[in-house]
Amino acid sequence: ALLARVRAGYADRLAARYKVKDIAATGDEDLLAAIGRQRGGLLSGGRVNMQKAAELAIHDFRSGAWGRITLETPDEFARWQAAGAAADALRQAAKAPRKGQRKGRGTAAPPPATDNDNDNDSDNDNDNDNDNGRDGRDGQDDDGATGAG
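All figures in this text were calculated on a predicted structure; none of them were measured in a lab. All residue numbers refer to positions counted from 1 along the written sequence of the respective chain. It should be noted that, the model being predicted, local features are given only for residues of pLDDT at least 70 and side-chain atom pairs only at 80 or more, the latter also being counted only at that level, while totals for whole chains, interfaces and linings use all residues. Note that water and hydrogens are dropped before the side-chain values are worked out from all heavy atoms of the structure.

A. Local environment of the overall build of the chain. Starting at the N terminus, helices and strands are each numbered in turn, a helix being any DSSP run of H or I of at least four residues and a strand any DSSP run of E of at least two. The number of helices and strands found in the chain is 4 helices and 0 strands. Secondary structure elements of the chain occur, N-terminal to C-terminal, as α-α-α-α.

Here it is as structure tokens:
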């Protein structure tokens, strides 16, 4: 499929690289065999190793030996993008009526309130928090006197 795609738009490059005459009339397997013969992908008896020829063609494509080419045209890309946008719109339209129908959605109780005052004195929650930033671990009472407590 790669050779057929490249041959459609860049036949001159393939012909120059692999020295194939009349590349438009050459089938994919014949072109692959010509690549194998040209690049040394031969088995004993002069047969072409088609696996090796395919690997060589892919290597040449990836390395840029065929030059800078693209496999998709701007028109094809625009069609693919339009088809994708249409599919997304259909998916969103189908999803919209189901959104509120999910089990358990919208009926959950709010999460419990948390104590975010970060004073770390969970046993002394009823004091007036007038300890001037003291967390009760410095050995001083809330009134500033030191004690053992």
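B. Quick look at the packing of aromatic side chains. Between the rings of Phe, Tyr and Trp (Trp by its six-membered ring), a pair exists once the centres lie within 6.5 Å; its type follows the angle of the planes, with under 30 degrees stacked, over 60 edge-to-face, and the other angles tilted. One pass over the full model with this rule turns up 2 aromatic pairs. Ring geometry for Y18 and W66: centres 6.4 Å apart, planes at 85 degrees, overall edge-to-face. One end of the pair, Y18, is in helix α1 (residues 2-18); the other, W66, is in the loop between α3 (50-63) and α4 (74-95), and 48 residues separate them in sequence. Here the two residues Y18 and W66 agree in accessibility, since each one is buried. When the ring of F61 is compared with that of W66, the centres are 5.8 Å apart and the planes differ by 50 degrees; the resulting orientation is tilted. Exposure classes here rest on a 1.4 Å probe applied to the protein chains alone. A residue is buried below 20% of its type maximum, exposed above 50%, and partly exposed in between. Residue class for F61 comes out partly exposed when judged on its relative accessible area of 26%.

C. Region of interest: the pattern of salt bridges. Salt bridges are defined by distance alone: a side-chain nitrogen of Lys or Arg within 4 Å of a carboxyl oxygen of Asp or Glu. Under the defined criterion, the tally for this structure stands at 5 salt bridges. For R17, the salt bridge identified is with D60, shortest N-O distance 3.4 Å. Linking R17 in helix α1 with D60 in helix α3, this pair joins segments that are 43 residues apart in sequence. Judged by relative accessible area, which is 33%, R17 ranks as partly exposed.

D. The arrangement of the environment of R13 in detail. When you line up the elements, R13 lands in helix α1. With a relative accessible area of 31%, R13 lands in the partly exposed category. Placed 54 residues apart in sequence, R13 and G67 show a C-alpha to C-alpha distance of 7.6 Å. Whether two residues are in contact is decided by their heavy atoms, any of which lying within 4.5 Å being enough. In contact with R13, other than residues within four places in its own chain, are W66, G67, R68 and I69.

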